[in-house]
Amino acid sequence: MAKKRIISPTVVRRLEEGPPPGQKFIPAPIVYDVVEEVPDWDLSAYRFKVWGLVERPLELTYEELLSSFEPVELVADFHCVTRWSVPELVWEGIQTRKVMERVKPKVKEGWVLVHCLEGYTTSLPLRYLFEEDSLLAYKMMGRPLPKRHGFPLRLVVPQLYAWKSAKYVWGLEILDHYEDGFWERRGYHPVGDPWKEERFK
Ligand SMILES: Nc1nc2c(c(=O)[nH]1)N[C@H]1C(S)=C(S)[C@@H](COP(=O)(O)O)O[C@H]1N2
Ligand SMILES: [Mo]
């Protein structure tokens, strides 16, 4: 059966209104990492976890995660807070809303703190994990996710600035309150909606 294909609201909105304010399109995403050297990750040791305020915490190997959820394809724009955007990136992965249906958060208006293998973190309102275009991606442009773009797994949240699209992700911690992640601690916005230019606190 053909994979379900999702066109992100970021694409539709841009066709109707143009890009978010203060953004310029470039052809490919610029790689940003908060560490100098990203190690090679050992997939046999990898575990994907969801915990915190959920009815059913989740812990899966990489293979278990990929085989437990239906794969979808996503076409989405990508907006970095440093004012570059990339149109129509193609991702393949699992919809975070399906993962949320499985773990059943005990809070509606909560927050998620995203944990990455190299220590990066970011925070976002839980409601964004219920958006149809929020994915846990393992492919980009039809190919395995390149290491520099987040292999083995990347959270893709097109409706927020790209620092929320965490690379090398292993954990989603569901909270009833807001906590700073790496960039939020340095002054970046708790939510980060590009159309509202929520760049800084
Ligand atoms: N784990 C992790 N994810 C991250 C970052 C990071 O430093 N570490 N940088 C963020 C920022 S600021 C941007 S703009 C995008 C850049 O994506 P790219 O490196 O795939 O181009 O990744 C985001 N996700
Ligand atoms: Mo960024």
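A quick note: this is a predicted structure, and the numbers were derived from the prediction, not measured.

Q: Please provide a residue-by-residue account of the sheet that holds strand β8 (residues 121-125), values included.
A: Strands in a sheet are paired, the pairing made by backbone hydrogen bonds, and the direction either parallel or antiparallel. Across the sheet, 5 strands lie side by side as β4-β3-β12-β7-β8; this open sheet has mixed pairing. Lying at the two open borders of the sheet, with one neighbouring strand each, are β4 (58-60) and β8. Sheet twist, expressed as the mean angle between neighbouring strand axes with direction ignored, is 15 degrees. Alignment of strand β7 (residues 111-116) against strand β12 (residues 169-175), held across 6 bridges, turns out to be antiparallel. Bridging from a neighbouring strand, Cys116 pairs with Val169 of β12. Sheet contacts for helix α3 (residues 96-103): β3 (48-52), β4 and β12; angle to β3, the most-contacted strand, approximately 55 degrees.

Q: Explain the environment of Glu88 residue by residue, including any values.
A: Mapped onto the fold, Glu88 is located in strand β6 (residues 84-95). Taking the relative accessible area as the measure of exposure, Glu88 reaches 40% and is therefore partly exposed. Setting aside its immediate chain neighbours within four residues, Glu88 contacts Val11, Arg14, Val75, Ala76, Asp77 and Met141. There is a polar contact of 3.2 Å between the side chain of Glu88 and the side chain of Arg14.

Q: Hey, could you go over the site of ligand 1 for me, with residue numbers and the actual values?
A: Near ligand 1 there are 21 residues, and of these Ile30, Glu118, His149, Arg154 and Lys167 occur at the shortest range. Within the side chain of Arg154, a nitrogen or oxygen atom sits 2.7 Å from an oxygen atom of ligand 1. For ligand 1, a nitrogen atom lies 3.1 Å from a polar atom in the backbone of Ser165. Burial of ligand 1 by the surrounding chains reaches 98%, relative to a free accessible area of 520 Å². When the residues that make up the shell around ligand 1 are grouped by side-chain class, the tally is 14 nonpolar, 2 polar and 5 charged.

Q: Pulling in residues and values, what's your account of the side chain of Ser165?
A: Turning to its location among the elements, Ser165 is positioned in the loop between β11 (154-156) and β12. For Ser165, a relative accessible area of 2% puts it in the buried group. At 3.0 Å, the side chain of Ser165 and the backbone nitrogen of Val157 are in polar contact. Beyond its immediate chain neighbours, meaning those up to four positions away, Ser165 contacts Phe78, Arg154, Leu155, Val156 and Val157.

Q: Hey, could you go over the state of the cysteines for me, with residue numbers and the actual values?
A: For the structure on display, the rule yields 0 disulfides. Cysteine Cys116 shares no disulfide, and the gap to the nearest cysteine sulfur, in Cys80, comes to 15 Å.

Q: Let's hear about the side chain of Lys164: which residues, and what values?
A: As for its position among the elements, Lys164 is in the loop between β11 and β12. Of note is the side chain of Lys164, whose polar atom sits 2.7 Å from the backbone oxygen of Pro190. The residues touching Lys164, leaving out its near neighbours within four places in the chain, are Thr122, Ser123, Leu124, Leu155, Val157, Glu184, His189, Pro190, Val191 and Gly192.

Q: Lay out the packing of aromatic side chains with the relevant residues and their values.
A: Applying the stated rule across the entire model yields 14 aromatic pairs. Between Tyr32 and Trp84, the ring centres sit 6.1 Å apart and the planes meet at 45 degrees, which makes this aromatic pair tilted. Separated by 52 residues along the polypeptide, Tyr32 in the loop between β2 (24-25) and β3 and Trp84 in strand β6 bring together distant segments of the chain. The lysine or arginine in question, Arg186, covers the ring of Phe182, its NZ or CZ lying 3.7 Å from the ring centre.

Q: Before we move on, can you summarise the pattern of salt bridges with the specific residues and values?
A: When the charged atoms of two side chains lie near each other, side chains of opposite charge can form a pair. Summed over all chains, the structure comprises 11 salt bridges. A salt bridge links Lys139 to Glu92, with the shortest nitrogen-to-oxygen separation between them at 3.8 Å. One end of the pair, Lys139, is in strand β9 (residues 135-140); the other, Glu92, is in strand β6, and 47 residues separate them in sequence. Lys139 gets classed as partly exposed once you look at its relative accessible area, which sits at 27%. Residue Glu92 is classed as buried on the basis of its relative accessible area of 9%. Here the salt bridges share partners, and the residues they tie into one network are Lys3, Glu92 and Lys139.

Procedures and definitions
- Residues numbered from 1 in each chain as written.
- Chains lettered and ligands numbered in written order.
- Predicted model: local features only at pLDDT ≥ 70, side-chain atom pairs only at ≥ 80, totals over all residues.
- Heavy atoms only, no water.
- Pairing = 2+ DSSP bridges.
- Helix = DSSP H or I, 4+ residues; strand = E, 2+ residues; numbered from the N terminus.
- Axes fitted to C-alpha atoms, helices over the stretch in contact; angles between N-to-C directions.
- Contact = heavy atoms within 4.5 Å.
- Buried < 20%, exposed > 50% of the residue type's maximum accessible area, 1.4 Å probe, protein only.
- Polar contact = N/O pair within 3.5 Å; in protein donor to acceptor, adjacent residues only side chain to side chain.
- Near = heavy atom within 4 Å.
- Areas by Shrake-Rupley, 256 points an atom, 1.4 Å probe, with all protein chains shown as cover.
- Nonpolar A, V, L, I, M, F, W, Y, C, P; charged D, E, K, R; others polar.
- Disulfide = S-S within 2.5 Å.
- Phe/Tyr/Trp six-rings, centres within 6.5 Å; stacked < 30°, edge-to-face > 60°.
- Lys NZ or Arg CZ within 6 Å of the ring centre and 35° of its normal.
- Salt bridge = Lys/Arg side-chain N within 4 Å of Asp/Glu carboxyl O.

This is a description of form; function is not addressed.
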